[in-house]
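Structural overview for review
Spelled out from the first residue to the last, the chains are:
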Amino acid sequence: MKFPAPLLCITLALSFSLRSFAEESPPWYQVEIVVFSQQDLYHNEQHRTDLQLSYPENWRVLTGSSIDAAQPGTVQPTNPAAPETNTALPLEGLTGTTERPYVSLSNKNFKLGGDEYALKRAPGYQVLLHQAWRQQGLGVDQSPWIIVAGGEAYGDHHELEGSVRLVLNRHLHFQADLWHTRFGAPTATIPADSMSVSADSVSAQPTANTTPTWPMLPVQPWRQNHVDENQTTNINQPQTSNPAAWSYQTPQFAVNDMVSLNQSTRLKLGELMYLDHPNMGVLVMVSRHKVGSGE
């Protein structure tokens, strides 16, 4: 059968257009992590105190996560090199179906529920965080770091804090920059009008009861951004008026111990991967996600 030339040209053009879109559109993945602590039951291990703790510039919070819910009005940062991630993306550009990335998934979507259950039953382990989300595979310059927090809350901070991200270059990689803090008794409650806010330290200066050898916990970036948006003077000066709502009467806690995990691993799709540490562990599973499937 011989096709008319105009029809053949249109068919070929559409075929090349769809193929080009498929090649240019990054694949989608579901990322799931379980972060847990491995307790030193005898408290014999001496941990390093010269830790370097910081949050990345290219960060975001998962929509619907506990952090997102606790920070009303937070504006997600944008990275000029990355595609807009706050809006739903069209399904392959062909239908009205949309997929929203970086949304915290409910536990019905979890694949590591059995692993979490086993860890909770095992002596000496504490599950600090179990979270899952979906996103496109992006390169190192575009992929944002996901801010995480888990475990018990102590004032402005949690036992587990830090950030993780998925990177797609030639292969898939998972990166984690996390720290686990063991807090002591509360030391003081600092009035908001006497607080000093800095990007490189916690909101309030340490008291005499705080162990001076441990590094200062960095201000969470969404809190710092909130201050920046409302502050008209130098942010390193004490707040004398209109302090951020979260800073009112924040209790301060002593830091008794701290460990950090900064690792990267190459992933195999659908396989459980493990980031190991003497006092922490991260289970990671990344699988392909069919956009619009809801699975």
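All residue numbers refer to position in the chain's written sequence, counted from 1. Where totals are concerned, whole chains, interfaces and linings use all residues; where local detail is concerned, this predicted model gives features only for residues with pLDDT of at least 70, and gives and counts side-chain atom pairs only at 80 or more. As a rule here, side-chain values come from all non-hydrogen atoms in the structure, and water together with hydrogens is ignored.

1. Remarks on the packing of aromatic side chains
Only the six-membered ring of Trp is used, alongside the rings of Phe and Tyr, when aromatic pairs are assigned; centres must lie within 6.5 Å, and planes under 30 degrees apart are stacked while those over 60 apart are edge-to-face, with the rest tilted. Inspection of the entire model under this criterion finds 5 aromatic pairs. Summarising the aromatic geometry, the rings of Phe36 and Tyr274 are spaced 6.2 Å apart at their centres and angled 5° between planes, so their arrangement reads as stacked. Placement of Phe36 in strand β1 (residues 28-38) and of Tyr274 in strand β10 (residues 273-276) is noted, with a sequence separation of 238 residues between them. Think of it in three bands: with a 1.4 Å probe and only protein chains considered, a residue is buried below 20% of the maximum accessible area for its type, exposed above 50%, and partly exposed in between. Its relative accessible area of 3% is what places Phe36 among the buried residues. Only DSSP runs of H or I with at least four residues qualify as helices, and only runs of E with at least two residues qualify as strands; both kinds are numbered from the N terminus onward.

2. A closer look at the sheet that holds strand β11 (residues 280-288)
Two strands qualify as a pair provided that DSSP identifies no fewer than 2 bridges between them. Pairing is antiparallel across the open sheet formed by 4 strands, whose spatial order is β5-β1-β11-β10. Either end of the sheet is taken by a strand with one partner, and the two such strands are β5 (125-136) and β10. With direction set aside, neighbouring strand axes in the sheet form an average angle of 15°. Here β1 pairs with β11 via 9 bridges, running antiparallel. Note on β11: the bridge partner recorded for Tyr29 is Arg288. Note on definitions: a residue-residue contact is assigned when non-hydrogen atoms from the two residues lie within 4.5 Å. Axis angles are defined between N-to-C directions and span 0 to 180 degrees, where every axis is a line fitted to C-alpha atoms and, for a helix, only to the segment in contact. Relative to β5, helix α3 (residues 113-121) is tilted by about 165°, and along the sheet it contacts β1, β5 and β11.

3. Describing the environment of Gly155
If you trace the backbone, Gly155 turns up in the loop between β6 (145-154) and β7 (157-168). Here Gly155 falls in the partly exposed class, since its relative accessible area comes to 33%. Gly155 sits 97 residues away from Gln252 along the chain, and the two C-alpha atoms are 6.2 Å apart.

4. Examining the environment of Ser37
Its place among the elements puts Ser37 in strand β1. Its relative accessible area of 2% is what places Ser37 among the buried residues. As for Ser37 and Gly151, which are separated by 114 residues in sequence, their C-alpha atoms are 9.7 Å apart.

5. What to know about the nonpolar core
We call a set of buried Ala, Val, Leu, Ile, Met, Phe, Trp, Tyr and Cys residues a nonpolar core when their side-chain atoms join them within 4.5 Å. Ile33, Val164, Phe174 and Leu178 are the most contacted members of the largest nonpolar core, which has 28 residues in total. Those elements giving two or more residues to this core turn out to be β1, β5, β6, β7, β8 (172-190), β9 (250-266), β10 and β11. With near-sequence residues (within four places) excluded, Val164 lies in contact with Ile33, Trp133, Pro144, Trp145, Ile146, Val148, Phe174, Gln175, Ala176 and Leu178. If you look at the next biggest cluster of nonpolar residues, it comprises 15 residues, including Leu51, Ala149, Trp179 and Trp214.

6. Some points on the pairing of β10
Of the two faces of β10, the one holding Met273 and Leu275 is buried and the one holding Tyr274 and Asp276 is not buried anywhere. As defined by bridge partners, β10 adjoins β11 across 4 bridges and the pair is classed as antiparallel. Bridging from a neighbouring strand, Asp276 pairs with Gly281 of β11. The antiparallel pairing of β10 with β11 creates a hairpin that spans 3 residues between the two strands.

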